[in-house]
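# Reading the structure
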Amino acid sequence: MNTMEPISVNWNYPTAVKAGAGRVRELPALCRSLGMRNPLLVTDPGLAQLPVVQNALALCLADSLPCAVFSKIKGNPTGQNVTDGVDAYRAGRHDGVIAFGGGSAIDAAKAIALMVGQERGLWDFEDVGDNYLRVNVNGMAPVVALPTTAGTGSEVGRASVITDEAAHVKRIIFHARMLPAAVILDPELTVGLPAALTAATGMDALSHNLEAYCSPFYHPMGAGIALEGIRMVKVWLPVAVRDGQHLEARLNMLVASSMGATAFQRGLGAMHALAHPLGALYDAHHGMLNAVLMPYVLRANRAAIDERITALARYLGLPQPSFDAFLESVLALRAQIGIPHTLGALGIDTALAGKVGAMAVADGSAATNPIAFSAAQYAGIFERAANGVL
């Protein structure tokens, strides 16, 4: 007798992606195809003056496509950053957004493109219940995304993570139409990324694929994408860290990053449930937080994921495939690319453990963790990660 409960789920898959070295040259034509005649390029202040952005601007100008720049964005973008970007968009009478940079810049750019035609405040569109129905879709601006890091996969995501500085929390702003209309994955845009950032952002891509793979949500396509994404990070991240000019490694990491953000339609888990409050409270790098938390969360989830991780270890070709074999491979990868073993090494102590635990259990990512941890259990994982007790 069939005793399986009826399945009823919603799936969405990404957008048009142009992948390959030198494809940034297609940016002006891509903008025009979306009706842009005067786009606003949103990036971070570190990139704004670098050749990679200046060259993109020159490409647009050479094609008679005027393009202004907005770069007042923090490493963890804030609601005020989004408001300032909306003001710049309206003042320049722009008609589209080019999201250019790492996850912070792309998240901010997508939020700006959402907000340029809204009458409500940003937090009214937090990913809670059916808040997305409040969006005036006709007021949203089209977005072309060009990632310069391989980590967040925000270029194929339908949400932005924005810090509410007043409340000291990160909020997820969501609408399906926040997905960029087109993406350019050009490895030439990532070759200047320092090794340490390549490592941290690459581990973020691994965390997305890994948590999506372990999620209990029914989405076999996402699970398959996550499985291959994990393998690609294992193969190519050490190469990209060792040789930043290696275009094949850079392209494969960009693809693995996009795969992670595609796969996490299955949901995320405790790594992100903890990384979000820690990022908001300590303003720490999101990818680095996930990288450090990873083995501690894996160990905490073991009872629910042992069999699944063993299958993953077998797919990766690890000797004597098992949960322990995979955990050791994660520890070895971290050591190889210079990821610290503890949150304490990032300057994070346990003074706020109770608050972190309470924020983690309330975070949206906690809903699809394989085990429904309590606030006290999240606090315990945080304390172990801070002190290096694996």
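Details of the structure are given in the entry above.
Before going into details, it helps to say that this report is about the structure given with it. (Residues numbered from 1 in each chain as written. Predicted model: local features only at pLDDT ≥ 70, side-chain atom pairs only at ≥ 80, totals over all residues. Heavy atoms only, no water.)

### Things to note about the nonpolar core
Judged by nonpolar contacts, the single largest core of 102 residues is most densely connected at Leu210, Leu298, Phe326 and Leu343. Per element, the largest residue contribution to this core is 10 residues, and it comes from helix H7 (residues 220-242). Sequence-distant contacts of Leu210, that is, excluding residues within four places in its chain, are made with Ile230, Met271, Met294, Leu298, Ile309, Leu312 and Phe326. Among the nonpolar cores identified, the runner-up in size contains 20 residues, and Leu30, Ala56, Leu65 and Ile184 belong to it. (Core = buried A, V, L, I, M, F, W, Y, C linked by side-chain atoms within 4.5 Å. Buried < 20%, exposed > 50% of the residue type's maximum accessible area, 1.4 Å probe, protein only. Helix = DSSP H or I, 4+ residues; strand = E, 2+ residues; numbered from the N terminus. Contact = heavy atoms within 4.5 Å.)

### A few points about the packing of helix H9 (residues 270-282) against helix H10 (residues 286-300)
Running from amino to carboxyl end, H9 crosses H10 at an angle of 140°, the nearest separation of the two axes being 9 Å. One way to sum up the angle between H9 and H10 is to call them oblique. H10 is crossed by H9, and the crossing has right-handed handedness. Judged by residue contacts, Ala270, Met271, His272, Leu274, Ala275, His276, Leu278 and Gly279 of H9 engage His286, Leu289, Asn290, Leu293, Met294 and Val297 from H10. A per-class count over the contact of H9 with H10 returns nine nonpolar, five polar and no charged. (Axes fitted to C-alpha atoms, helices over the stretch in contact; angles between N-to-C directions. Parallel < 35°, antiparallel > 145°, perpendicular 65-115°, else oblique. Left-handed = near helix turned anticlockwise from the far one by under 90°. Nonpolar A, V, L, I, M, F, W, Y, C, P; charged D, E, K, R; others polar.)

### A short note on the sheet that holds strand S3 (residues 68-70)
Ordered by their spatial adjacency, six strands build an open sheet running S1-S8-S5-S4-S2-S3, and the pairing between neighbours is parallel. What marks the edges here is a single partner per strand, and that holds for strand S1 (16-19) and S3. Within the sheet, the average angular offset between the axes of one strand and its neighbour, ignoring direction, is 20°. With three bridges joining them, strand S2 (residues 40-42) and S3 adopt parallel strand pairing. Residue pairing for S3: Leu41 is matched across the bridge by Val69. On top of the sheet, helix H3 (residues 51-62) reaches S2, S3 and strand S4 (97-101); it is set at about 155° to S4, its chief contact. Relative to the sheet, helix H5 (residues 103-115) contacts S2, S3, S4 and strand S5 (143-147), its axis offset from that of S4 by approximately 165°. (Pairing = 2+ DSSP bridges.)

### Some remarks on unusual backbone geometry
Positive phi values are uncommon outside glycine, yet Arg93 reaches one of about 50°. Here Arg93 lies in the loop between helix H4 (79-91) and S4. At Gln320, a residue that is not glycine, the phi angle is positive and equals roughly 45°. Assessed through its relative accessible area of 74%, Gln320 is described here as exposed.

### Description of the packing of aromatic side chains
Tallied over the full model, the rule gives two aromatic pairs. Centroid distance Tyr132 to Phe174: 6.2 Å. Interplanar angle 80°. Geometry classified as edge-to-face. Placement of the pair is Tyr132 in the loop between H5 and S5 and Phe174 in strand S7 (residues 169-174), with a sequence separation of 42 residues. Classification of Tyr132 by relative accessible area gives partly exposed; the value is 36%. Under the relative-accessibility criterion, Phe174 is labelled buried at 16%. Measuring from ring centre to ring centre gives 5.5 Å for Phe373 and Tyr378, while their planes differ by 85°; the resulting arrangement is edge-to-face. Of the two residues, Phe373 and Tyr378, neither departs from the other in class, the shared state being buried. The ring of Trp123 carries Arg171 above its face, with NZ or CZ at 5.8 Å from the centroid. (Phe/Tyr/Trp six-rings, centres within 6.5 Å; stacked < 30°, edge-to-face > 60°. Lys NZ or Arg CZ within 6 Å of the ring centre and 35° of its normal.)

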